[in-house]
Amino acid sequence: MIYIGNHLSSSDGFLAMGKHASELGADTFAFFTRNPRGGKAKDIDPADAAALMAYMEEHHFGPLVAHAPYTMNLCSDKADIRKFAFDMLADDLKRMEYVPGNYYNFHPGSHVGQGTETGIGFIAEALNGAMFPEMQTTVLLEMMAGKGSEIGSRFEEIRAIIDKVELKEKIGVCIDTCHLWDGGHDIGGHLDDVLAEFDAVIDLDRLKAVHLNDSMNPQAAHKDRHQKLGEGMIGAGVLKAVVTHPLLQGKPFILETPNEDEGYKKEIALVRAWMCTSSHGM
Ligand code: FE
Ligand code: FE
Ligand code: ZN
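This write-up is about the structure you can find in this document. Owing to the predicted nature of the structure, the values given are computational and were not obtained by experimental measurement. (Residues numbered from 1 in each chain as written. Chains lettered and ligands numbered in written order. Predicted model: local features only at pLDDT ≥ 70, side-chain atom pairs only at ≥ 80, totals over all residues. Heavy atoms only, no water.)

**Considerations on the side chain of T257**
Here comes step 1: Topologically, T257 is positioned in the loop between β10 (252–255) and α9 (261–277).
Here comes step 2: Discounting residues that sit within four places of it in the chain, T257 has contacts with L212, N213, Q227, K228, L229, Y264 and E267. (Helix = DSSP H or I, 4+ residues; strand = E, 2+ residues; numbered from the N terminus. Contact = heavy atoms within 4.5 Å.)

As structure tokens, this is what we get:
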């Protein structure tokens, strides 16, 4: 089995998100730690956070996959943008301790012309400054489509960041089916090989979560435009193979498809049906 859910709005508070997820048939969810465009986060109500934790346990939820704002670029070529990003990261990691034991996923960033190696150095430096030994969150590097100067479309780049992170037991990876596809990894024809390469370069023990999206573009397009499950160029057959893959069982799968509640409800039900009709889906 896998845990399945989608992105929810955090503006109503933690417990409300848990209940909303249940209504959609989900048993995990994602949320932005602050406005996706960045800026100041609203205060956390500790009682509300604790109520969500109790609710999740009662309803057998899997780990949550919080998402950092898109604008958080830890490897910008501009020092003030890097500082802004670092402050958000450090604040978010403190705030995540109100809901301990979950995941915090972020986009490694775009190096904006200064080169991958320099960018990787900045990302690791920021992580080492913001992560702390007592934290109970695992930070996830999201693999990217390789749009523009994005870092993280290649397994080697993710590995290079992890190598430089000091608190190794608190760092992991989130794959995104649209990003892998757009990034040139042939999950359509050779899913087993892609996962074997992940294992060889990074180690599958680091793979903690999956973003489940179809793609509007052909493989290796480096575009990153998500589509509803089965309505894009990846297609339902491949996405079903991902969801039921033995090496991916037990992980949270997050939908980031262009949907409203009704659409998410349908996709969650569809994914659950895929799991039931597959011989090794349980
Ligand atoms: Fe993302
Ligand atoms: Fe994603
Ligand atoms: Zn994306």
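**Here's the deal with the packing of helix α1 (residues 14–23) against helix α2 (residues 46–58)**
Here comes step 1: Remark: α1 packs on α2, axes separated minimally by 7 Å, with the N-to-C direction vectors making an angle of 30°. What the angle tells us is that α1 and α2 run roughly parallel. Contacts between α1 and α2 involve F14, L15, G18, K19 and S22 from the former and D48, A49, A51, L52 and Y55 from the latter. (Axes fitted to C-alpha atoms, helices over the stretch in contact; angles between N-to-C directions. Parallel < 35°, antiparallel > 145°, perpendicular 65-115°, else oblique.)

**Some remarks on the environment of E231**
Here comes step 1: The residue E231 is located in the loop between β9 (226–227) and α8 (236–243) in this model.
Here comes step 2: Spatially, the C-alpha atoms of E231 and Y98 are 38 Å apart, while their sequence positions differ by 133 residues.

**Brief notes about the coordination of the iron ion (ligand 2)**
Here comes step 1: Bound to the iron ion (ligand 2) are the protein donor atoms E142 (OE), D176 (OD), H211 (ND1) and E256 (OE), situated 2.1 to 2.2 Å from the metal.
Here comes step 2: Around the iron ion (ligand 2) sit 4 donor atoms, and with donor-metal-donor angles ranging over 83 to 172° the site reads as irregular.
Here comes step 3: Positions of the donor residues of the iron ion (ligand 2), expressed as sequence spacing, correspond to E-x33-D-x34-H-x44-E.
Here comes step 4: In this structure, the iron ion (ligand 2) lies 3.2 Å from the iron ion (ligand 1), and both are coordinated by E142. Here the residue D176 occupies a position in strand β6 (residues 171–176), and E256 occupies one in the loop between β10 and α9, the gap between them amounting to 80 residues. Each member of the pair, D176 as well as E256, is classed as buried. (Donors = N, O, S within 2.8 Å, 3.2 Å for Na, K, Ca; no water. Tetrahedral: all angles 85-135°; square planar, octahedral: opposite > 155°, others 65-115°. Buried < 20%, exposed > 50% of the residue type's maximum accessible area, 1.4 Å probe, protein only.)

**Observations regarding the pairing of strand β5 (residues 138–142)**
Here comes step 1: Most of β5 is tucked away: 5 of the 5 residues are buried.
Here comes step 2: By the alternation rule, side chains of β5 split into T138, L140 and E142 and V139 and L141, which are all buried.
Here comes step 3: With 4 bridges connecting them, strand β4 (residues 103–106) and β5 associate as parallel partners. Paired with Y104 across the strands is V139, a residue of β5.
Here comes step 4: What joins β4 to β5 is helix α4 (residues 116–130), and the crossover it makes is right-handed.
Here comes step 5: Taken together, the 4 bridges between β5 and β6 define a ladder with parallel strand orientation. Within β6, the residue paired with L141 across the bridge is V173. (Pairing = 2+ DSSP bridges. Right-handed = clockwise from strand over helix to strand, strands pointing away.)

This is a description of form; function is not addressed.
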